[in-house]
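Close look at the chain arrangement
Residue strings, one per chain:
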Amino acid sequence: MAEAEAAQLKEEGNRHFQLQDYKAATKSYSQALKLTKDKALLATLYRNRAACGLKTESYVQAASDASRAIDINSSDIKALYRRCQALEHLGKLDQAFKDVQRCATLEPRNQNFQETLRRLNTSIQEKAANNLIVLGREEAGAERIFQNNGVALLLQLVDTKRPELVLAAVRTLSGLCSGHRARATVILHAVRIDRICSLMAVENEEMSLAVCNLLQAVIDSLSGEDKREHQGKEEALVLDTKKDLKQITNHLLDMLVSKKVSGQGRDQAMNLLNKNVPRKDLAIHDNSRTLYVVDNGLRKILKVVGQVPDLPSCLPLTDNTRMLASILINKLYDDLRCDPERDHFRKICEEYITSKFDPQDMDKNVIAIQTVSGILQGPFDLGNQLLGLKGVMEMMVALCGSEREVDQLVAVEALIHASTKLSRATFIITNGVSLLKEIYKTTKNEKIKIRTLVGLCKLGSAGGTDYGLRQFAEGSTEKLAKQCRKWLCNASIDTRTRRWAVEGLAYLTLDADVKDDFVQDISALQAMFELAKTTDKTILYSVATTLVNCTNSYDVKEVIPELVQLAKFSKQHVPEEHPKDKKDFIDMRVKRLLKAGVTSALACMVKADSAILTDQTKELLARVFLALCDNPKDRGTIVAQGGGKALLPLALEGTDVGKVKAAHALAKIAAVSNPDIAFPGERVYEVVRPLVSLLDTQRDGLQNYEALLGLTNLSGRSDRLRQKIFKEKALPDIENYMFENHDQLRQAATECMCNMVLNKEVQERFLADGNDRLKLVVLLCGEDDEKVQNAAAGALAMLTAAHKKLCLKMTQVTTQWLEILQRLCLHDRLSVQHRGLVIAYNLLAADAELAKKLVESELLEILTVVGKQEPDEKRAEVVQTARECLIKCMDYGFIKPVS
């Protein structure tokens with residue numbers, strides 16, 4: 001009977017399964033399992049219930065049921081495959097692989113099994129490779145891989161040519177090289193620099209970047225830039241790394257001019273040269289790496305700078321390649337130490353350019369002018385000298401009048417880059433403006449039209465922000481800007497050309513009317529922000545400059561009235577401020593920029609991992625952030641759009657001015673925001689150092705004040721943050737500002753100290769002999785300023801609660817201690833009064849002799865009066881603390897309760 005019912009339930013379960021009612025099917029199979037002992041039926045029921053488990057994603061149950069079916073019949077192919085599927089979902093790939101391998105052995109022609117076998121094999125390799133990456137990041141794991149023939153195995157992964165495995169191998173090798181000179185040397189020789197460079201040369205951006213990181217890890221380890229301690233044994237193994245470093249440099253320079261290298265690969269090669277060749281600190285005397293690159297690679301860099309995308313001979317490029325080459329030329333030129341070195345550099349450039357001039361070959365002439373144009377975007381004074389070369393200006397004019405579009409494009413761009421300085425611009429205004437206007441009127445080509453317009457914009461802005469020094473007639477600047485905005489919003493024009501529209505606005509927005517119109521054009525603003533987020537990073541500087549102009553965050557020289565009078569008297573030009581450059585107009589522009597989403601655009605720009613994000617661009621971005629953070633009400637929006645996170649790298653790297661501006665913006669955010677939201681996770685600890693740097697006496701009062709507010713907020717969050725502030729040596733600076741004559745600075749410093757005294761190491765500083773720290777806090781409790789009193793009383797309450805020794809020390813540091821304590825206990829402000837009573841309780845509890853002294857003073861009368869008051873909602877804490885003080889006196893037997 002039971003067996004028949006079990007068979008019936010199995011059929012019922014099958015029907016439910018076909019109707020996709022898997023829960024009902026599972027129930028039927030489970031009931032049947034209880035009724036039968038027939039092994040064949042048991043195996044079928046377990047196998048079927050496993051199928052239900054797979055459908056309902058109950059993978060643990062499915063694997064268990066399939067295993068029971070296999071225990072009954074080890075060749076049950078359906079059960080084996082179902083267990084394989086369940087195990088794969090559970091991430092147990094090795095076990096799943098064994099099951100499907102057995103299936104494929106039993107049925108070799110089953111395509112499904114073969115496909116699963118291949119897929120699992122790939123997944124296992126990828127998982128193993130990813131595990132290696134994680135293992136290679138830790139020193140112990142890296143050494144283990146290295147000692148167990150890991151490099152040879154990783155090379156085998158590279159040989160598979162499967163992108164995901166090659167990528168994992170490259171990332172693991174990076175981990176092995178980091179911070180270990182000996183391993184880095186072995187890996188460099190085992191993998192070979194030519195092979196590394198060929199991997200970096202591929203079209204795949206992710207691969208190119210990973211190989212670039214590997215080479216950077218090798219360079220850091222070989223040059224000692226990784227800042228890790230090298231063991232003596234390692235030092236003995238590697239005698240001289242200069243030869244290897246030179247070999248790497250040579251290969252990177254060869255990559256620049258190779259047609260086999262992708263645009264991505266070329267960019268990464270230049271990023272590595274930009275980062276590793278020029279000196280990081282000009283105080284270091286040795287610039288031999290730069291001199292070597294000038295002699296052996298400057299012509300190759302000039303070849304990249306002179307590439308014209310529209311010519312058939314052009315190398316593979318990205319939008320950023322030529323700009324990266326200009327930046328590299330600039331860094332190399334700035335790294336030269338003396339005039340003979342600079343003359344040698346200039347001569348190489350002159351020879352290269354003049355060798356290109358050829359009356360028979362127009363393409364060569366275009367390349368010559370493109371090279372000058374690229375140098376003008378790098379070291380401008382060198383570019384200026386090259387403009388004086390015989391035939392350069394003449395060739396520019398000739399190309400402007402050429403029939404070919406490419407000639408006109410290159411010539412107009414060169415003219416634009418040539419007119420950067422006011423002195424140079426006045427020279428070009430006489431020659432260039434008429435030429436540009438002529439091209440603008442006659443050309444039908446939009447690309448050339450935009451570029452000529454930018455040239456006119458640039459020449460039109462030569463007067464800067466000075467309202468009285470306008471180069472063009474009233475209103476024409478606004479017309480130019482309107483045309484730029486129109487092109488900027490036209491998505492049908494290619495990105496490279498629209499970039500020039502932003503370039504034009506970078507000059508024109510020096511005019512207050514233009515910037516006011518621009519921020520009201522939301523579609524133009526958003527079009528600019530979208531361009532800033534594209535892969536073309538050459539636009540970063542123009543966007544940053546435009547935003548600096550719109551927010552007026554550039555440096556403005558203070559106008560001294562006496563000097564203005566003197567200038568007028570001597571008939572000199574006096575700079576004039578435009579009415580729309582006043583504060584209320586600036587505030588309105590900032591509001592509009594925030595509404596248009598400027599913060600997320602800035603955050604995206606900061607992330608650009610490229611040499612194009614120069615220190616000057618970072619400074620501009622920091623200036624914009626500081627202007628945006630000016631109004632406390634806007635700071636929440638900035639945080640919500642990722643502003644806090646974006647400011648951190650700007651505060652840690654860049655120009656000195658840029659770092660201070662970014663640190664000040666961070667202080668403004670940290671002062672009013674919840675640090676856990678503004679700087680989530682470990683990031684909050686990175687905020688401390690920039691804030692502490694603002695406590696320097698060379699910074700202005702507002703920067704000191706807002707940094708103290710920020711540190712107060714942070715120090716109130718956790719002891720780990722207080723410890724970080726202490727380790728950054730901020731305590732002496734905070735104490736220094738507690739002596740400050742300025743009320744707000746003194747108050748902010750005292751409030752910060754009130755939070756800091758919760759830290760044990762800070763308390764130990766107060767306990768130490770031979771300092772006036774405690775005396776200062778006690779005296780600040782007697783100040784007239786309520787906020788200072790409140791903060792100082794809070795600090796003293798916590799210190800006296802933490803250490804009995806400090807209770808006794810308090811009575812020795814000043815003769816006024818008792819009078820100050822009594823004043824605190826009688827204070828009109830309840831928070832100050834409460835803190836005073838807590839201090840009184842701490843002193844009473846610390847020592848019987850001290851308690852006796854307090855009871856014999858007027859303090860007992862004060863405690864009695866306060867303790868007898870009715871404890872309403874506001875005064876409850878105060879009254880309760882006073883009563884606790886009286887109970888303590890009763891415990892000592894100094895007073896008795898009245899019945």
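Residues numbered from 1 in each chain as written. Predicted model: local features only at pLDDT ≥ 70, side-chain atom pairs only at ≥ 80, totals over all residues. Heavy atoms only, no water.

Going by the annotation in an unreviewed UniProt entry, the name recorded for the protein is Protein unc-45 homolog B, with Puma concolor given as the source organism. According to UniProt, the comment filed for the protein under the heading Subunit (unreviewed entry) is "Interacts with HSP90 in an ATP-independent manner. Interacts with UBE4B; the interaction may target UNC45B for proteasomal degradation." (UniProt positions renumbered as here; feature names shortened; annotations may be inferred.)

The next subject is the overall build of the protein. The number of helices and strands found in the protein is 53 helices and 0 strands. Its C-alpha atoms give the protein a radius of gyration of 37 Å, more than 25% over the compact-globule value 29 Å for 899 residues. Principal axes of the C-alpha set define a box for the protein whose edges measure 120 × 120 × 65 Å. For the protein, with 899 residues in total, the buried portion stands at 53%. Residue pairs at least 24 apart in sequence account for 69% of intrachain contacts in the protein once pairs closer than 6 positions are excluded. (Helix = DSSP H or I, 4+ residues; strand = E, 2+ residues; numbered from the N terminus. Rg over C-alpha atoms; globule rule 2.2 N^0.38 Å. Buried < 20%, exposed > 50% of the residue type's maximum accessible area, 1.4 Å probe, protein only. Contact = heavy atoms within 4.5 Å.)

All chains considered together, the criterion is met by 4 aromatic pairs. Residues Tyr81 and Phe113 carry aromatic rings whose centres are separated by 5.1 Å and whose planes lie at 50° to one another, so their mutual orientation is tilted. One end of the pair, Tyr81, is in helix H5 (residues 77-89); the other, Phe113, is in helix H7 (residues 111-137), with 32 residues separating them in the sequence. When sorted by exposure, Tyr81 lands in the same class as Phe113, which is buried. Judged by centre distance (5.3 Å) and plane angle (25°), the ring pair of Tyr892 and Phe894 falls under stacked. Positioned above the aromatic ring of Tyr440 is the side chain of Lys449, whose terminal nitrogen or guanidinium carbon lies 4.8 Å from the ring centre. The aromatic ring of Tyr685 is capped on one face by Arg720, whose charged end is 4.1 Å from the ring centroid. (Phe/Tyr/Trp six-rings, centres within 6.5 Å; stacked < 30°, edge-to-face > 60°. Lys NZ or Arg CZ within 6 Å of the ring centre and 35° of its normal.)

Here the focus is the pattern of salt bridges. Tallied over the entire structure, the rule returns 42 salt bridges. For the salt bridge of Glu115 with Arg118, the shortest nitrogen-to-oxygen distance reads 3.2 Å. In this pair, Glu115 and Arg118 both sit in helix H7, 3 residues apart, roughly one turn of the helix. Take Glu115: its relative accessible area is 41%, and that puts it in the partly exposed class. We classify Arg118 as partly exposed; its relative accessible area is 47%. Between Arg589 and Asp516 there is a salt bridge, with its nearest N and O atoms 3.0 Å apart. With Arg589 in helix H32 (residues 583-595) and Asp516 in helix H28 (residues 512-520), this residue pair connects regions lying 73 residues apart in the sequence. (Salt bridge = Lys/Arg side-chain N within 4 Å of Asp/Glu carboxyl O.)

Below, the discussion takes up unusual backbone geometry. Backbone geometry places Glu57, a non-glycine residue, at a positive phi of 60°. You can see Glu57 is positioned in the loop between helix H3 (39-55) and helix H4 (59-72). At Lys161, a residue that is not glycine, the phi angle is positive and equals roughly 60°. Its location among the elements puts Lys161 in the loop between helix H9 (150-159) and helix H10 (163-177).

Under the defined criterion, the tally for this structure stands at 2 cavities of 30 Å³ or more. Counted as a void, the second largest cavity has a volume near 30 Å³. For the second largest cavity, the full set of lining residues is Glu735, Met738, Met753, Phe766, Arg773, Leu776 and Val777. At the level of elements, helix H43 (731-738) and helix H46 (773-780) are the ones that each hand at least two residues to the lining of the second largest cavity. Per element, the largest residue contribution to the lining of the second largest cavity is 3 residues, and it comes from H46. (1 Å grid on protein atoms, 1.4 Å probe; cavity = no way out; pocket = protein on both sides within 12 Å on 5 of 7 lines; lining within 4 Å. Points joined across faces, edges and corners; volume = space filled by probe spheres on them.)

Attention now goes to the nonpolar core. Formed by 250 residues in total, the largest nonpolar core has its most connected members in Phe345, Leu488 and Ile734. Those residues in contact with Phe345 that lie beyond four places of it in its chain are Val294, Leu298, Ile329, Leu332, Tyr333, Leu336 and Leu382. Membership of the second largest hydrophobic core comes to 33 residues, among which are Leu9, Cys52, Leu80 and Ala96. (Core = buried A, V, L, I, M, F, W, Y, C linked by side-chain atoms within 4.5 Å.)

Packed helices, taken two at a time, are described by the angle their axes make and the gap between the axes. Helix H19 (residues 339-356) packs onto helix H17 (residues 288-305) with a crossing angle of 30° between their chain directions and a minimal axis gap of 10 Å. The angle between H17 and H19 falls in the class roughly parallel. Between H17 and H19 lies a crossing of right-handed hand. Along the contact surface, H17 presents Leu291, Val294, Asp295, Leu298, Arg299, Leu302 and Lys303, while H19 presents Glu341, His344, Phe345, Ile348, Cys349, Glu351 and Tyr352. Split by residue class, the contact of H17 with H19 holds 8 nonpolar, 1 polar and 5 charged. (Axes fitted to C-alpha atoms, helices over the stretch in contact; angles between N-to-C directions. Parallel < 35°, antiparallel > 145°, perpendicular 65-115°, else oblique. Left-handed = near helix turned anticlockwise from the far one by under 90°. Nonpolar A, V, L, I, M, F, W, Y, C, P; charged D, E, K, R; others polar.)

Within the secondary structure, Met362 sits in helix H20 (residues 362-376). For Met362, a relative accessible area of 31% gives the class partly exposed. Each C-alpha atom, one on Met362 and one on Asp407, is 8.5 Å from the other, the two residues being 45 residues apart in sequence. In this structure, Met362 is in contact with Leu399, Arg404 and Asp407, ignoring residues within four places of it in sequence.

All right, on to the environment of Leu253 then. By secondary structure assignment, the location of Leu253 is in helix H15 (residues 242-256). C-alpha of Leu253 to C-alpha of Gly297: the two residues are 44 residues apart in sequence and 5.9 Å apart in space. Those residues in contact with Leu253 that lie beyond four places of it in its chain are Leu273, Val293, Asn296, Gly297 and Lys300.

Bringing the side chain of Thr290 into the picture now. One can find Thr290 in helix H17. On the basis of relative accessible area, Thr290 is assigned to the buried category, the value being 0%. Side chain to side chain, Thr290 and Asp335 meet in a polar contact 2.5 Å long. Residue contacts for Thr290: discarding those within four places in its chain leaves Val277, Pro278, Leu332, Asp335 and Leu336. (Polar contact = N/O pair within 3.5 Å; in protein donor to acceptor, adjacent residues only side chain to side chain.)

Here we come to a positive patch on the surface. Taken together, the side chains of Lys275, Lys280, Arg289 and Lys331 make up a positively charged region of the molecular surface. Along the chain, the position of Arg289 falls in helix H17. Overall, the relative accessible area of 42% leaves Arg289 in the partly exposed class. (Patch = residues over 30% accessible without salt bridge, like charges linked within 9 Å, V, L, I, M, F, W, Y side chains within 5 Å. Areas by Shrake-Rupley, 256 points an atom, 1.4 Å probe, with all protein chains shown as cover. Lys, Arg positive; Asp, Glu negative; His and termini not counted. Charge placed at Lys NZ, Arg CZ, Asp CG, Glu CD.)

For helix H36 (residues 643-652), the buried fraction is high: 7 of the 10 residues fall into the buried class. Listed in full, the buried residues belonging to H36 are Gly643, Gly644, Ala646, Leu647, Leu648, Leu650 and Ala651. A positive phi of about 130° marks Gly654, the residue just after H36.

At a closest axis distance of 8 Å, the pairing of helix H26 (residues 476-488) and helix H27 (residues 495-508) adopts a crossing angle of 150°. By the criterion of interaxial angle, the relationship of H26 to H27 is roughly antiparallel. Between H26 and H27 lies a crossing of left-handed hand. Seen from H26, the contacting residues are Thr477, Leu480, Ala481, Cys484, Arg485, Trp487 and Leu488; seen from H27, they are Arg498, Ala501, Val502, Gly504, Leu505 and Leu508. Along the lines of polarity and charge, the residues of the contact of H26 with H27 split into 9 nonpolar, 2 polar and 2 charged.

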